[in-house]
Amino acid sequence: MADKTNQIIKAAVDVFIEKGYNATTQDIARKAQVAEVTLFRKFTNKQNLFLTAIQLTIDEYFNMQERQEQTDEPLEKILTLWFTERSQILIINRALVKMLLSESLMGNLPEHMNFPVIFYHQLLKQLKPFEQDVHIEHMARSWVGYFISTVVLGTTSEAIDVEHIFIRPFVKGGCS
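Cut-off values and rules
Residues numbered from 1 in each chain as written. Predicted model: local features only at pLDDT ≥ 70, side-chain atom pairs only at ≥ 80, totals over all residues. Heavy atoms only, no water. Phe/Tyr/Trp six-rings, centres within 6.5 Å; stacked < 30°, edge-to-face > 60°. Lys NZ or Arg CZ within 6 Å of the ring centre and 35° of its normal. Core = buried A, V, L, I, M, F, W, Y, C linked by side-chain atoms within 4.5 Å. Buried < 20%, exposed > 50% of the residue type's maximum accessible area, 1.4 Å probe, protein only. Helix = DSSP H or I, 4+ residues; strand = E, 2+ residues; numbered from the N terminus. Contact = heavy atoms within 4.5 Å. Polar contact = N/O pair within 3.5 Å; in protein donor to acceptor, adjacent residues only side chain to side chain. Expected span 1.5 Å × (residues − 1). Axes fitted to C-alpha atoms, helices over the stretch in contact; angles between N-to-C directions. Parallel < 35°, antiparallel > 145°, perpendicular 65-115°, else oblique. Left-handed = near helix turned anticlockwise from the far one by under 90°.

**Q** Outline the packing of aromatic side chains, listing residues and values.
**A** Throughout the structure, instances matching the rule amount to 12 aromatic pairs. One aromatic cluster in this structure is built from Phe83, Phe115, Phe119, Trp143, Tyr146, Phe147 and Phe166. Positioned above the aromatic ring of Tyr21 is the side chain of Lys46, whose terminal nitrogen or guanidinium carbon lies 4.4 Å from the ring centre.

Here it is, written out as structure tokens:
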């Protein structure tokens, strides 16, 4: 039973990435290789299927684990690594992120699934342990702005000095 649900969710994500919220339940059923009535039996309507599929996908790809391990690495190096990892995850999932941004901007997602807001709050939570040393609100806003532009424009952070642009300006007192 769970396999059929996962099959539907995967197909739904693929179809929603391709067509956005305008995708039909027939499109999703065809991709999932199930009868359309199966979609309605499991999810009641397209909106529930969309919200379930997107929420599970966000949880899977974008709930990055907080790092709590002790390290002797300088703060700037740790944060540069975090920045780079998040940038890579967004680029790998660029089509999904673009669809989520589009649907968020068009108002098709409820506030609790607004992707830029979710990503910002996740960053704040993950940066919280550094609050004493870093202006986390400003850093998170800067990062989200860069990440969104990276996805929309298709650029990467390879050619920029991440530490000097996105880390050091937000370190309190200029200390490491």
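**Q** Account for the nonpolar core, naming residues and giving values.
**A** Ranked by internal contacts, the top residues of the largest apolar core, which has 55 residues, are Leu79, Leu127 and Trp143. Here this core takes 8 residues from helix 8 (residues 136-153), the largest share from any one element. Ignoring anything within four residues of it in the chain, the contact list for Leu79 reads Leu127, Phe130, Val134, Met139, Trp143 and Ile167.

**Q** Describe in detail the side chain of Gln126, supporting the description with residues and values.
**A** Among the structural elements, Gln126 can be located in helix 7 (residues 115-127). Among the polar contacts listed, one links the side chain of Gln126 to the side chain of Arg86, at a separation of 2.8 Å.

**Q** Outline helix 6 (residues 94-105), listing residues and values.
**A** The end-to-end C-alpha distance of helix 6, which contains 12 residues, comes to 16 Å, matching closely the 16 Å that a straight helix rising 1.5 Å per residue would cover. Where helix 6 is concerned, the buried positions are Leu96, Val97, Met99, Leu100, Leu101, Glu103 and Ser104. Gly107 lies just past helix 6 and shows a positive phi near 80°.

**Q** Would you mind going over helix 8 in detail, with residue names and values included?
**A** Relative to the 26 Å expected for 18 residues at 1.5 Å per residue, helix 8 spans 25 Å between its end C-alpha atoms, a close match to the ideal helical length. Of the residues making up helix 8, those classed as buried are Ile136, Met139, Ala140, Trp143, Val144, Tyr146, Phe147, Thr150 and Val151. On its buried face, helix 8 is in contact with helix 5 (75-92), helix 6, helix 7 and helix 9 (162-167).

**Q** An account of the packing of helix 7 against helix 8 is requested, with residue identities and associated values reported.
**A** Between helix 7 and helix 8, the shortest axis-to-axis distance is 9 Å and the interhelical angle comes to 140°. One way to sum up the angle between helix 7 and helix 8 is to call them oblique. For the pair helix 7 and helix 8, the crossing hand works out as right-handed. Of the residues in helix 8, those touching helix 7 at Pro116, Phe119, Tyr120, Leu123, Leu124 and Leu127 are Ile136, Glu137, Met139, Ala140, Arg141, Trp143, Val144, Phe147 and Ile148.

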